[in-house]
Amino acid sequence: MKKYGKTAVILGCALALSAAGFCGCGKAAADPPSEGYGEPLPPESEAYQRAVSEDGGEAYWDSQTTVILDGQTFDIRDREENVNGIFRVHALDGYWLVEAHISPNVGYYGFYNRETLQWEQEFTGALLTWYGAEGDTISMDISMDIPFSMDIPFSMDIPFSMDTVVYVFGNELYDAGGTLLGTIPLAEGEFIHGLKRTDTEVEIYILNAETEERMLPVEVPSPA
């Protein structure tokens, strides 16, 4: 059983989307630009963060719930009313993936199809990952004096497939279709803090109160 150092307090999926981490507690709401709110903002805008896709598409988001995807403006609260802050936006094989905070235990994940200009899939849960995302989606060690970040590293070798998306809600593991893949047995003081999707299983990483880690595999169908 792997054991983490006591000084590195690692929180589970409950804090992977912590509001204090990315919502900027105490920060004033970002003022929208006075003109062209439906258009991409200049990279030097201090109120917005920016992501760029390989083909030059642009996404901007503020510290609250506004996101601009290829010039189209959305309030994520219109998609999920309980969202209270956007964490990050990723470019991913024809999609923008918007990650947002709902509560310490639950986040919002929205896949915006850049070709159809539609929200193709939306999920509420935690630790979302897929086959081809390199490494584990492990929650951050926030004992370190660094800005909070939880990038999902993307593999360039395995094309993204929505069919391989998995995530947890509490101790339940789901796929992109909302099918319950398994209920993860947790002892008192344990919590799920990471997922890794392979071609034939999902590796569930669990920590206990002594910061000891164990891995529980859950078999899943292989990608088509």
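The structure we're discussing is the one just above.
We now turn to the structure provided with this report.

## Concerning the sheet that holds strand S8 (residues 106–113)
Spatial ordering of the open sheet is given by S6-S7-S8-S9-S10-S11-S12, a layout of seven strands whose pairing is antiparallel. Looking along the sheet, the strands with just one partner apiece sit at the ends: strand S6 (85–92) and strand S12 (180–183). This sheet shows a mean twist of 30 degrees between the axes of neighbouring strands, independent of strand direction. Of the pairings in the sheet, the one linking S6 to strand S7 (residues 95–103) comprises seven bridges and is antiparallel in character. From the neighbouring strand, Leu 92 faces S7, where its bridge partner is Tyr 95.

## Details of the sheet that holds strand S3 (residues 58–61)
Across a sheet, strands are paired by hydrogen bonds formed along the backbone, either parallel or antiparallel in direction. Pairing is antiparallel in the open sheet, where four strands are placed in the order S2-S3-S4-S5. Looking at which strands have only one partner, the edges of the open sheet turn out to be strand S2 (49–52) and strand S5 (72–75). Across the sheet, the mean angle from the axis of one strand to that of its neighbour is 20 degrees, orientation sign disregarded. In this structure, S3 lies alongside strand S4 (residues 66–69), joined through three bridges in antiparallel fashion. Its bridge partner lying in S4, Ala 59 is registered against Leu 69.

## A word on the packing of aromatic side chains
This structure, assessed with the given rule, holds 10 aromatic pairs. Ring geometry for Tyr 95 against Phe 111: centres 5.9 Å apart, planes inclined by 90 degrees, an arrangement best described as edge-to-face. One end of the pair, Tyr 95, is in strand S7; the other, Phe 111, is in strand S8, with 16 residues separating them in the sequence. According to the relative accessible area criterion, Tyr 95 is buried, its value standing at 12%. Residue Phe 111 is classed as buried on the basis of its relative accessible area, which comes to 0%. Through a chain of ring-to-ring contacts, three or more aromatic side chains come together here, namely Tyr 95, Phe 111, Phe 123, Trp 130, Phe 160, Tyr 167 and Tyr 174.

## Describing the nonpolar core
Formed by 18 residues in total, the largest nonpolar core has its most connected members in Val 67, Leu 69, Ile 76, Val 89, Val 98 and Trp 119. When residues of this core are traced back to their parent elements, those giving at least two are S3, S4, S6, S7 and S8. Considering each element in turn, this core owes the most residues, four residues, to S7. Not counting residues up to four positions away in its chain, the partners in contact with Ile 76 are Thr 65, Val 67, Val 83, Ile 86, Val 98, Tyr 108 and Trp 119.

## With respect to the pattern of salt bridges
Counted according to the given criterion, the structure contains six salt bridges. Between Arg 114 and Asp 55 there is a salt bridge whose closest N-O contact spans 3.0 Å. In this pair, Arg 114 is assigned in the loop between S8 and strand S9 (118–129) and Asp 55 in the loop between S2 and S3, connecting sequence segments 59 residues apart. For the salt bridge of Arg 114 with Asp 70, the shortest nitrogen-to-oxygen distance reads 2.8 Å. One end of the pair, Arg 114, is in the loop between S8 and S9; the other, Asp 70, is in the loop between S4 and S5, with 44 residues separating them in the sequence. When salt bridges with common partners are traced through the structure, they connect Asp 55, Asp 70 and Arg 114 into a single cluster.

Conventions we followed
- Residues numbered from 1 in each chain as written.
- Predicted model: local features only at pLDDT ≥ 70, side-chain atom pairs only at ≥ 80, totals over all residues.
- Heavy atoms only, no water.
- Pairing = 2+ DSSP bridges.
- Helix = DSSP H or I, 4+ residues; strand = E, 2+ residues; numbered from the N terminus.
- Axes fitted to C-alpha atoms, helices over the stretch in contact; angles between N-to-C directions.
- Phe/Tyr/Trp six-rings, centres within 6.5 Å; stacked < 30°, edge-to-face > 60°.
- Buried < 20%, exposed > 50% of the residue type's maximum accessible area, 1.4 Å probe, protein only.
- Core = buried A, V, L, I, M, F, W, Y, C linked by side-chain atoms within 4.5 Å.
- Contact = heavy atoms within 4.5 Å.
- Salt bridge = Lys/Arg side-chain N within 4 Å of Asp/Glu carboxyl O.

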